[in-house]
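Fold and geometry: a report
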Amino acid sequence: MGNMLKVDGLNVFYGNIHAIKGISFEVNEGEIVTLIGANGAGKSTTLNTVGGLLKAKSGSIEFEGREISGTPAHRVVSEGMALCPEGRRVFAQLTVRENLEMGAYTRNKAEAAETIERVFEQFPRLKERSRQTAGTLSGGEQQMLAMGRALMSKPKLMMLDEPSMGLAPILVQQIFDIIEALNKEGTTILLVEQNAQMALSIADRAYVLETGKIVNTGTGKDLLNDDSVRKAYLGG
Amino acid sequence: MLTYLINGISLGSVYAIIALGYTMVYGIAKMLNFAHGDVIMVGGYAAYCAMAYLGWPPAAAVVFSIAVCTMLGIVIERLAYKPLREATSLAVLITAIGVSYFLQNAALLIWSSNPKIFPNIFASMPPLKIGDAQISAVTIVTICANIIIMIALTLFTGKTKMGKAMRAVSEDKGAATLMGINVNFTISMTFAIGSGLAAIAGVLLCTAYPNLVPTTGAMPGIKAFVAAVFGGIGSIPGAMIGGILLGVIEIVARALVPAVPSDIFVFAVLIIVLLIKPDGLLGRKISEKV
Ligand SMILES: Nc1ncnc2c1ncn2[C@@H]1O[C@H](COP(=O)(O)OP(=O)(O)O)[C@@H](O)[C@H]1O
Ligand SMILES: [Mg+2]
């Protein structure tokens, strides 16, 4: 089990706002790793930088031993990682099927057709609604679509940014079950959550992010029982 | 009356073809390319030069014109607009107006302000007679071209991978990038298609109104913009309907009240549409999902 993703000394700025202050972390093959932290801690900034949407000022991002921090954003997905962004960001005016097709943009037609069947098995709801535009789906269905769309590139590493945001508790449970199932099938997961309780309970390892810095790390179980983490993120 | 209607539809078809360029670029790059009208003018001159100086047959001249404008569209986007991708829309708008003046003045330098008389490229085709109405070949060709372009674009955006990617980019550039879509390339292609259509519009316009001058594209460009807003900017069928309605309004108004310049009606339409339905006939409110 080697490092799949290794981030070292990452610094990210918005103009002159120093949002990520020299963080380092790693994700090993087969793991579920979670980044938790309060609103504004820098979780999304971190994922978006790894995913190529933002450019780091300094630091390195290695994926399977290759440096990817200089890779153009649209090529990052071909490296084998997919980001399911905060707020889902499905293409509202495209149909469910078209959204999934876009997820396989870098792959050929035959590969896409095969993967789409697998995604439909995983998310039967999406199959039922494949001809509907994504904007007409419920929040939970949109989240499933966003995850299905990310899976269409057959990523080795799937990054999820607050997949449970705004969902009813029963749907949250369902989404976390799916994440665990994906992981069992061999996809490595980097999960960002404000719902620390849920995230820590499925994570192998976790990092706690506070105003752009990593302030704590450990196994999911350790952090669930850590006093400072309990106080700050688990409501006592 | 039938003649007016058909002539209106024909003029409107030219507006529609131009409006498609406006609307596609707006839909995908979220900018108003005010130089679009001047690309039409360049298309007219390109076809004129190919025929008058190189002695090419009309069909080859049209292809040449499309090639020139497609390249021009890509170059304009690359040099003038791409560096402003993160800039305010006002900066982009002013740049577009600058590009428009640049093209007009470049044309003035190269071809002078003396009108070039554009040849009737459909001279060999006889006009169509319906009752006592006579419909010229260029009118018919224009309407047919419009229909073909409409169908082709609908199929392109609905069925092809590139077309779907364009729609994805128009909704969310960041999410599209995450899919592996090269947003810059997609925007470039949008300009290429829009400008290629402008070349076709230029040839059709100059065949119907043969006085070709450096400002030939300006007024049709503005009217096509009105048509695009009228139909709902960003919407392909909207551009089509807006263009045709505008052409019909203009020609019918010119016939019914010849004392009043018909452009007044065109711009009155813009103002009324903006007041009553700011999104245009087929425009949709883009609801921001958080
Ligand atoms: N587009 C932006 N422009 C300027 N500052 C931003 C932008 N996005 C985020 N920030 C700032 O960067 C910090 C980290 O934000 P973010 O990564 O979104 O946090 P999180 O995802 O943990 O809630 C916050 O202070 C936020 O205000
Ligand atoms: Mg966030």
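What counts and what doesn't
- Residues numbered from 1 in each chain as written.
- Chains lettered and ligands numbered in written order.
- Predicted model: local features only at pLDDT ≥ 70, side-chain atom pairs only at ≥ 80, totals over all residues.
- Heavy atoms only, no water.
- Donors = N, O, S within 2.8 Å, 3.2 Å for Na, K, Ca; no water.
- Helix = DSSP H or I, 4+ residues; strand = E, 2+ residues; numbered from the N terminus.
- Buried < 20%, exposed > 50% of the residue type's maximum accessible area, 1.4 Å probe, protein only.
- Contact = heavy atoms within 4.5 Å.
- Buried area = accessible area lost by both parts, 1.4 Å probe.
- Salt bridge = Lys/Arg side-chain N within 4 Å of Asp/Glu carboxyl O.
- Polar contact = N/O pair within 3.5 Å; in protein donor to acceptor, adjacent residues only side chain to side chain.
- Pairing = 2+ DSSP bridges.
- Axes fitted to C-alpha atoms, helices over the stretch in contact; angles between N-to-C directions.
- Right-handed = clockwise from strand over helix to strand, strands pointing away.
- Near = heavy atom within 4 Å.
- Areas by Shrake-Rupley, 256 points an atom, 1.4 Å probe, with all protein chains shown as cover.
- Nonpolar A, V, L, I, M, F, W, Y, C, P; charged D, E, K, R; others polar.
- Parallel < 35°, antiparallel > 145°, perpendicular 65-115°, else oblique.
- Left-handed = near helix turned anticlockwise from the far one by under 90°.
- Core = buried A, V, L, I, M, F, W, Y, C linked by side-chain atoms within 4.5 Å.

Residue and element names in this part refer to chain A. Surrounding the magnesium ion (ligand 2) are the protein donor atoms Ser44 (OG) and Glu86 (OE), which sit 2.0 Å from the metal. Of this pair, serine 44 sits in helix H1 (residues 43-50) while glutamate 86 sits in the loop between strand S6 (81-84) and helix H3 (96-103), placing them 42 residues apart in sequence. Using a relative accessible area of 35% as the deciding quantity, one classes glutamate 86 as partly exposed.

Our focus in this paragraph is the interface of chain A and chain B. On the side of chain B, 21 residues touch chain A, which itself brings 24 residues to the contact. When chain A packs against chain B, close to 2100 Å² is buried across both sides, 59% of that on carbon and sulfur atoms. Summed over the shared surface of chain A and chain B, the result is three salt bridges. In this structure, aspartate 172 of chain B engages arginine 89 of chain A in a salt bridge whose closest nitrogen and oxygen atoms are separated by 2.8 Å. Scanning the region where chain A abuts chain B turns up eight residue pairs in polar contact (both at pLDDT 80 or more). Put simply, the parts of the chain that give the side of chain A that touches chain B at least two residues each are helix H2 (73-76), H3 and helix H6 (139-151) of chain A. It is H3 of chain A that contributes the most residues to the side of chain A that touches chain B, four residues altogether.

All names here are of chain A. Here six strands make up an open sheet; going across it, the order is S6-S7-S8-S3-S9-S10 and the pairing mixed. Each end of this open sheet is capped by a strand with a single partner; those strands are S6 and strand S10 (213-219). With direction set aside, neighbouring strand axes in the sheet form an average angle of 15 degrees. Sheet topology note: the strand S9 (residues 205-210)/S10 ladder contains six bridges and is antiparallel.

Turning next to the pairing of strand S7 (residues 157-161) of chain A. Residue and element names in this part refer to chain A. Taking burial as the measure, the five residues of S7 include five buried ones, the bulk of the element. Going residue by residue along S7, you find Leu157, Met159 and Asp161 tucked away on one face and Met158 and Leu160 tucked away on the opposite face as well. Relative to S7, S6 runs parallel, the two sharing four bridges. Of the residues in S7, the one forming a bridge with methionine 81 is leucine 157. In this fold, S7 hands off to helix H7 (residues 169-184), which returns the chain to strand S8 (residues 188-193); that crossover is right-handed.

Moving on to the site of ligand 1. All names here are of chain A. The immediate surroundings of ligand 1 are formed by Tyr14, Ile17, Ala19, Ala38, Asn39, Gly40, Ala41, Gly42, Lys43, Ser44, Thr45 and Glu86. Here an oxygen atom of ligand 1 and a backbone polar atom of glycine 42 are 2.9 Å apart. The separation between an oxygen atom of ligand 1 and a polar side-chain atom of threonine 45 is 2.4 Å. When ligand 1 sits alone it has 560 Å² of accessible area, and the protein chains cover 60% of it. Only strand S2 (17-28) and H1 provide two or more residues apiece to the shell around ligand 1. Ranked by the residues each element gives to the shell around ligand 1, the list is headed by H1, at three residues. When grouped by side-chain class, the residues that make up the shell around ligand 1 number five nonpolar, five polar and two charged.

Counting across every chain of the model gives 16 salt bridges over all chains. Note that glutamate 98 of chain A is salt-bridged to arginine 167 of chain B, the shortest N-O span being 2.9 Å. Taken together, the residues glutamate 98 of chain A in helix H3 and arginine 167 of chain B in helix H6 (residues 161-171) connect one chain to another. On the accessibility criterion, glutamate 98 of chain A (11% relative accessible area) is buried.

With that settled, the discussion passes to the packing of helix H3 (residues 58-81) of chain B against helix H8 (residues 183-208) of chain B. Residues and elements named next belong to chain B. Interhelical geometry of H3 versus H8 gives an angle of 140 degrees and a closest axis separation of 7 Å. As judged from the angle between their axes, H3 and H8 are oblique. Viewed along their axes, H3 and H8 form a crossing whose handedness is right-handed. Residues Val62, Ser65, Ile66, Cys69, Thr70, Gly73, Ile74, Glu77 and Tyr81 of H3 form the contact with H8, whose participating residues are Ile187, Ser188, Phe191, Ala192, Ser195, Gly196, Ala199, Ile200 and Val203. Of the residues that constitute the contact of H3 with H8, the class distribution is 11 nonpolar, six polar and one charged.

Side chains that are nonpolar tend, in soluble globular proteins, to be buried together. By size, the foremost hydrophobic cluster in this structure holds 114 residues, and its most contacted members are Leu5 and Leu190 of chain A. Looking at this core element by element, the count peaks at 13 residues for helix H1 (residues 2-29) of chain B. Apart from residues lying up to four places away in sequence, leucine 5 of chain A is in contact with Phe25, Glu26, Val27, Val50, Ile61, Glu62, Phe63, Met81, Leu157 and Leu190 of chain A. In this structure, Met158, Val172, Leu191 and Leu224 of chain A belong to the second largest nonpolar core, which totals 47 residues.

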